[in-house]
Every structure is written in structure tokens, then in C-alpha cells.
Amino acid sequence: DYVTDAPFVNKVTVDDNADTIALDVSGEWCVRWISNGKTIAWGNELALDDYSEDMSGEIIGIGVQVLFDILENTCLIESVNVDSGAEAAGILPGDYIIAVDGVPVSELGYEKTISAVRGEDGTRVKITVQREGDELSFDVTRSLVIARSVNYSINEDKIGYIKITSFKDNTFEQFKEAIDSFEEA
């Protein structure tokens with residue numbers, strides 16, 4: 001175990017055999033850096049349940065992927081799904097979610113923010129974002145979101161490109177869809 005003077009970190013564990021570093025952050029988070037530079041973040045059992053739900057590739061939400069900024073207590077919108085409620089409302093990648101239904105993300109924390117954004121299909125949620133210094137509010141309709149974990153294209157030379165962005169229960173199906181499209185081209 002290592003000691004750190006960062007106020008939000010309770011404990012640092014280094015596993016030389018697995019080439020990982022894990023941080024216990026305020027008893028709520030565990031962040032693990034893996035040797036390839038990827039980061040996986042999860043928290044308590046509620047977060048693990050949410051993670052398992054996310055792995056299905058289907059959730060009811062607004063159609064954004066977020067990264068939680070521990071220092072700023074905000075959620076950075078990394079990407080917005082095509083044909084999602086977020087896209088229809090005008091939310092953009094690079095926006096920071098600062099409140100959900102009027103409650104600041106700094107009060108909610110990551111897990112409760114994600115839970116507040118999700119809900120019943122067809123219901124609305126007020127998302128307040130910060131964009132280039134401006135505070136904007138959007139009423140967003142929740143709907144079924146099928147996560148795209150495989151993106152693909154074929155160029156004019158008939159060379160196919162496949163990018164797997166994450167591994168979910170539907171990744172193999174989407175990968176096969178990409179291969180089938182190449183065969184048809």
C-alpha cells in the first residue's frame with residue numbers, strides 16, 4: 001500500500017504482478033489503471049449492478065456516454081448516440097452535465113447522477129450542462145438506447161475498418177454485422 005496526499009484518495013494499492021494500480025477514492029470509488037493506459041472505474045454494489053446493466057448494451061436513458069470528473073464533480077459528455085433524446089435536444093460531446101432535474105451533480109455524485117438520468121421509457125428529464133462557459137438546460141426524453149460498441153466502414157479501395165470501442169453483450173452481434181456488410185460490398 002502507498003500513501004497519497006490527494007484529499008479524495010483513501011488508499012492506493014499496487015499489484016506488480018497484474019501491472020495495475022487501484023485507488024480507493026472516498027470509500028465510494030475504485031479506479032484502476034491498467035498497463036495499457038485504459039481506465040476502469042466502478043464503486044459499490046449499486047455501481048456494479050449498473051455496470052452489469054450497461055454490459056447488456058441496452059438501457060433506458062438519454063443516449064450519452066459520460067466520464068466522471070472526480071475533481072470537478074461533473075460528468076463530461078464523451079459522445080452522444082445518433083437518434084437519441086440527447087441528440088434531439090441539442091446536447092453535444094464536450095458538454096459537462098452539472099445538474100439533473102435541478103440537483104447539482106456535485107451533490108448527487110456519479111452513481112446517483114447516472115440513476116437520475118435513467119428512468120422510464122418516454123419520461124422527460126431536465127439536464128443542465130455547461131458549454132464553453134454558458135449554462136444551458138435541456139428537457140430530454142428518455143428512450144431505449146442500444147449501445148454501439150462496433151463502428152465500421154469500408155473505403156473506396158474495398159478495405160474494411162472495424163473499431164471496437166467496448167465489449168458488451170451485443171458486441172459480437174455488431175461485429176458479425178460489420179463482417180457481413182463487408183461481404184456484401
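Residues numbered from 1 in each chain as written. Predicted model: local features only at pLDDT ≥ 70, side-chain atom pairs only at ≥ 80, totals over all residues. Heavy atoms only, no water.

**Student:** Teacher, can you tell me more about the overall build of the protein chain here?
**Tutor:** Each helix and strand counted, the protein chain has four helices and 14 strands in total. Going through the 185 residues of the protein chain one by one, you find that 31% of them count as buried. Considering only contacts within the protein chain whose residues lie at least 6 apart along the sequence, 40% involve residues at least 24 apart. Carbon and sulfur atoms make up 50% of the accessible area of the protein chain, which totals about 11500 Å². (Helix = DSSP H or I, 4+ residues; strand = E, 2+ residues; numbered from the N terminus. Buried < 20%, exposed > 50% of the residue type's maximum accessible area, 1.4 Å probe, protein only. Contact = heavy atoms within 4.5 Å. Areas by Shrake-Rupley, 256 points an atom, 1.4 Å probe, with all protein chains shown as cover.)

**Student:** How should I be thinking about the side chain of T113 in this particular structure?
**Tutor:** Residue placement: T113 occurs in helix 3 (residues 105–117). Taking the relative accessible area as the measure of exposure, T113 reaches 1% and is therefore buried. For T113, the contacting residues outside a window of four places in its chain are C75, V100, V105 and L108.

**Student:** What's the story with the pairing of strand 10 (residues 124–131) in this structure? I'm lost.
**Tutor:** Looking along a regular strand, one sees side chains alternate from face to face of the sheet. Here four bridges tie strand 8 (residues 96–100) to strand 10, and the two strands are oriented antiparallel to one another. Across the sheet, V100 pairs through a bridge with I127, a residue of strand 10. Summarising the sheet, strand 10 and strand 11 (residues 134–141) pair through eight bridges and their orientation is antiparallel. Its bridge partner being in strand 11, R124 is matched across the sheet by T141. The antiparallel pairing of strand 10 with strand 11 creates a hairpin that spans two residues between the two strands, and E132 there sits at a positive phi of about 50°. (Pairing = 2+ DSSP bridges.)

**Student:** I keep staring at the packing of aromatic side chains and nothing clicks. Help me out?
**Tutor:** Any pair of aromatic rings gets described here by the distance separating the centres and the angle formed by the planes. This structure, assessed with the given rule, holds two aromatic pairs. Aromatic side chains F68 and Y110 sit 5.5 Å apart centroid to centroid with 55° between the ring planes, which places their arrangement in the tilted category. Here the residue F68 occupies a position in strand 6 (residues 64–69), and Y110 occupies one in helix 3, the gap between them amounting to 42 residues. With a centroid separation of 6.2 Å and 85° between ring planes, the pair formed by Y152 and F182 is classed as edge-to-face. Residue Y152 is found in strand 13 (residues 150–154), and its partner F182 is found in helix 4 (residues 171–184); the two are separated by 30 residues along the sequence. (Phe/Tyr/Trp six-rings, centres within 6.5 Å; stacked < 30°, edge-to-face > 60°.)

**Student:** I keep staring at the pattern of salt bridges and nothing clicks. Help me out?
**Tutor:** A full pass over the atoms with the stated rule returns two salt bridges. Between D95 and R131 there is a salt bridge, with its nearest N and O atoms 2.7 Å apart. Of this pair, D95 sits in the loop between helix 2 (85–89) and strand 8 while R131 sits in strand 10, and the two are 36 residues apart along the sequence. Here D95 and R131 have matching classes, each one buried. (Salt bridge = Lys/Arg side-chain N within 4 Å of Asp/Glu carboxyl O.)

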